[in-house]
Amino acid sequence: LRDGGEEGELAPALTIEETVPFALDVSGYLLANLSSSILAGKSKSQGLVLITFSRSPSFYLQFLKKGIVVSSIRILDCYTDPLGWIDQPKCVSDLKRLFSSIIEAGRELVGDGKTRFYVAIDSVNELLRHSSMPLVSGLLTDLRSHAQVSSLFWSLNTDLHQEKVTNALEYISTMKANLEPENLFLVHQDFGKGRFHVRFKLRKGRVRVMSEEYHVDQMGINFTTKSLLPKVQFNLQLSEKERVEKEKVVLPFEHQDHGKSTEIYDGRRSPADKGGEIIYFRDSDDEHPDSDEDPDDDLDI
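Only a predicted model underlies this, so the values are computations on that prediction, with no experimental measurement involved.

**A closer look at the pairing of strand S1 (residues 13-17)**
Line of reasoning, step 1. Extensive coverage of S1 is indicated by the burial of five of its five residues.
Line of reasoning, step 2. Neither face of S1 is left uncovered, since the one carrying Ala-13, Thr-15 and Glu-17 and the one carrying Leu-14 and Ile-16 both have all their residues buried.
Line of reasoning, step 3. In the sheet, S1 pairs with strand S5 (residues 149-156) via five bridges, with the strands oriented parallel. Across the sheet, Ile-16 pairs through a bridge with Ser-155, a residue of S5.
Line of reasoning, step 4. Relative to strand S6 (residues 175-181), S1 runs parallel, the two being bridged by four bridges. Along S6, the bridge assignment pairs Leu-14 with Met-175.

Here is the structure:
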């Protein structure tokens, strides 16, 4: 998300699946990190446009003021009046106007040139309640294809929608993230921990999966990278006794005659102890006769 896409490509997009209450903490974590990268000059983007549906703008302003320059952020308030009852644009039904408002807010931050900005939607559930899936998909695709949008991400509560809706949003995304709690019976407590999974769509159709452990405390959500080696239920190390017994095993391809020469009947000679021979008749004169040289003479059996 921080690096954005290459020129001529669609902007990277991330869907955060809200299957547990801590998914909003992931959105806040990404907002803080992307804003910090803008402040530190480590980002190709120079601004961030946040569209709020699930929480008020004042909440995010208070959250982002912790060591972050808020001047690099524009917030579109779709939380206070999503249906436009108080003389405001309809955020949830007029998606063409919402798209124009997002681009206009971004240009207020970075100008009208080639400088780019991030887009974050804290929840697309409200959009899906009042607009069809094709219209929502069109909005997200238009944002990804805009030349000044560097990358975007949104949250989705998968419990509120049919599987075909989540599959459609996953198809639009280049990344999908979800949280797997360690204890399903404790997810509604104030704190929790578990695993955070991210699925990346790479170029040429390849897919990469990253997994980290997360822990939520009073300071927010924290991530710790862990090894992805599978846990096995057996010991891969041999004891000294097992090693000695293993070395005694004679494999089929090893010599078993203590250095003596071994004759192998090839089907063409008549050993004295056999008393017979195999005679082969060619089907026609055009068939090449067998060579007298054994093609397997070089094998050490």
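So that's the structure; there's more coming.
**Let's talk about helix H6 (residues 163-172)**
Line of reasoning, step 1. Here H6 has its buried residues at Val-165, Thr-166, Leu-169, Glu-170 and Ile-172. One face of H6 carries all of its buried residues, which in axial projection span an arc of 160 degrees. Facing away from the buried side of H6, by more than 90 degrees, are the exposed residues Glu-163, Lys-164 and Tyr-171.
Line of reasoning, step 2. Buried positions along H6 lie against S1, helix H4 (125-130), helix H5 (133-145), S5, S6 and strand S7 (192-201).

**Describing the packing of H5 against H6**
Line of reasoning, step 1. Relative orientation of the contacting elements H5 and H6 amounts to 15 degrees, with a least axis distance of 10 Å. It follows from the interaxial angle that H5 and H6 lie roughly parallel. Where H5 crosses over H6, the two elements pack in a sense that is right-handed. Where H5 approaches H6, its residues Met-133, Ser-137, Leu-140, Thr-141 and Arg-144 are matched on the opposing element by Val-165, Ala-168, Leu-169 and Ile-172.

**A short note on the packing of aromatic side chains**
Line of reasoning, step 1. Per the stated rule, a full pass over the model turns up three aromatic pairs.
Line of reasoning, step 2. Note on Tyr-29 and Phe-223: the rings are 4.9 Å apart at their centroids and 70 degrees apart in plane angle, and the pair reads as edge-to-face. Taken together, the positions of Tyr-29 in helix H1 (residues 23-39) and Phe-223 in strand S9 (residues 220-225) put the pair 194 residues apart, joining distant regions of the chain.
Line of reasoning, step 3. Ring pairing ties together the aromatic residues Tyr-29, Phe-196 and Phe-223, which thus form one cluster.
Line of reasoning, step 4. It is Arg-208 that lies over the ring of Phe-200; its NZ or CZ is 4.6 Å from the centre.

**Topic: the nonpolar core**
Line of reasoning, step 1. Grouped together as the largest cluster of nonpolar side chains are 34 residues, with contacts concentrated most on Ile-51, Leu-152, Trp-154 and Leu-169.
Line of reasoning, step 2. Among the elements of the structure, strand S2 (45-52), helix H3 (95-110), strand S4 (116-121), H4, H5, S5 and H6 are those that each provide at least two residues to this core.
Line of reasoning, step 3. The element contributing the most residues to this core is H3, with seven residues.
Line of reasoning, step 4. In this view, Leu-152 contacts Leu-1, Ala-11, Pro-12, Ala-13, Leu-14, Val-119, Leu-140, Leu-143 and Arg-144; residues no more than four positions away in its chain are not counted.
Line of reasoning, step 5. In this structure, Leu-48, Leu-50, Ile-73 and Tyr-118 belong to the second largest nonpolar core, which totals 25 residues.

**Focus on the sheet that holds strand S3 (residues 73-77)**
Line of reasoning, step 1. On the basis of which strands lie adjacent, the open sheet formed by nine strands has the order S3-S2-S4-S5-S1-S6-S7-S8-S9 and mixed pairing. Both outer strands of the open sheet, S3 and S9, are each paired with one neighbouring strand and no more. Neighbour-to-neighbour, the strand axes of the sheet open up by a mean angle of 20 degrees, direction not taken into account.
Line of reasoning, step 2. Its contacts with the sheet put H3 on S2, S3, S4 and S5, and the angle it makes with S2 is roughly 145 degrees.
Line of reasoning, step 3. Here H5 sits on the sheet and contacts S1, S4 and S5; the angle it forms with S5, its principal contact strand, is near 155 degrees.

**Observations regarding the confidence of the model for the protein**
The predicted coordinates should not be examined in detail at positions where pLDDT is low.
Line of reasoning, step 1. Mean pLDDT over the protein works out to 78, with 71% of the residues at or above the 70 mark.
Line of reasoning, step 2. Considering only residues more than four positions removed or in separate chains, one finds that residues 228-232, a stretch of pLDDT under 50, has three contacts.

**Description of H3**
Line of reasoning, step 1. Over its 16 residues, H3 runs 23 Å from end to end, which matches the ideal 22 Å to within 8%, given 1.5 Å per residue.
Line of reasoning, step 2. Each element contacted by the buried residues of H3 is listed here: S2, S3, S4, H4, H5 and S5.
Line of reasoning, step 3. Backbone geometry just downstream of H3 places Gly-111 in the positive-phi region, at approximately 95 degrees.

**Quick word on the pattern of salt bridges**
Line of reasoning, step 1. As enumerated under the stated definition, the model contains eight salt bridges in all.
Line of reasoning, step 2. Between Glu-108 and Arg-74 there is a salt bridge, with the nearest N and O atoms lying 3.5 Å from each other. Pair noted here: Glu-108 is in helix H3 and Arg-74 is in strand S3, with a separation of 34 residues, a long-range link.
Line of reasoning, step 3. Judged by its relative accessible area of 49%, Glu-108 is partly exposed.
Line of reasoning, step 4. Look at Arg-74 and you get partly exposed, because its relative accessible area is 29%.
Line of reasoning, step 5. Linked by salt bridges that have partners in common, Glu-170, Lys-176 and Arg-199 make up one network.

Cut-offs used in this document
Residues numbered from 1 in each chain as written. Predicted model: local features only at pLDDT ≥ 70, side-chain atom pairs only at ≥ 80, totals over all residues. Heavy atoms only, no water. Buried < 20%, exposed > 50% of the residue type's maximum accessible area, 1.4 Å probe, protein only. Helix = DSSP H or I, 4+ residues; strand = E, 2+ residues; numbered from the N terminus. Pairing = 2+ DSSP bridges. Arc of directions from axis to C-beta. Contact = heavy atoms within 4.5 Å. Axes fitted to C-alpha atoms, helices over the stretch in contact; angles between N-to-C directions. Parallel < 35°, antiparallel > 145°, perpendicular 65-115°, else oblique. Left-handed = near helix turned anticlockwise from the far one by under 90°. Phe/Tyr/Trp six-rings, centres within 6.5 Å; stacked < 30°, edge-to-face > 60°. Lys NZ or Arg CZ within 6 Å of the ring centre and 35° of its normal. Core = buried A, V, L, I, M, F, W, Y, C linked by side-chain atoms within 4.5 Å. pLDDT = per-residue confidence, 0-100. Expected span 1.5 Å × (residues − 1). Salt bridge = Lys/Arg side-chain N within 4 Å of Asp/Glu carboxyl O.

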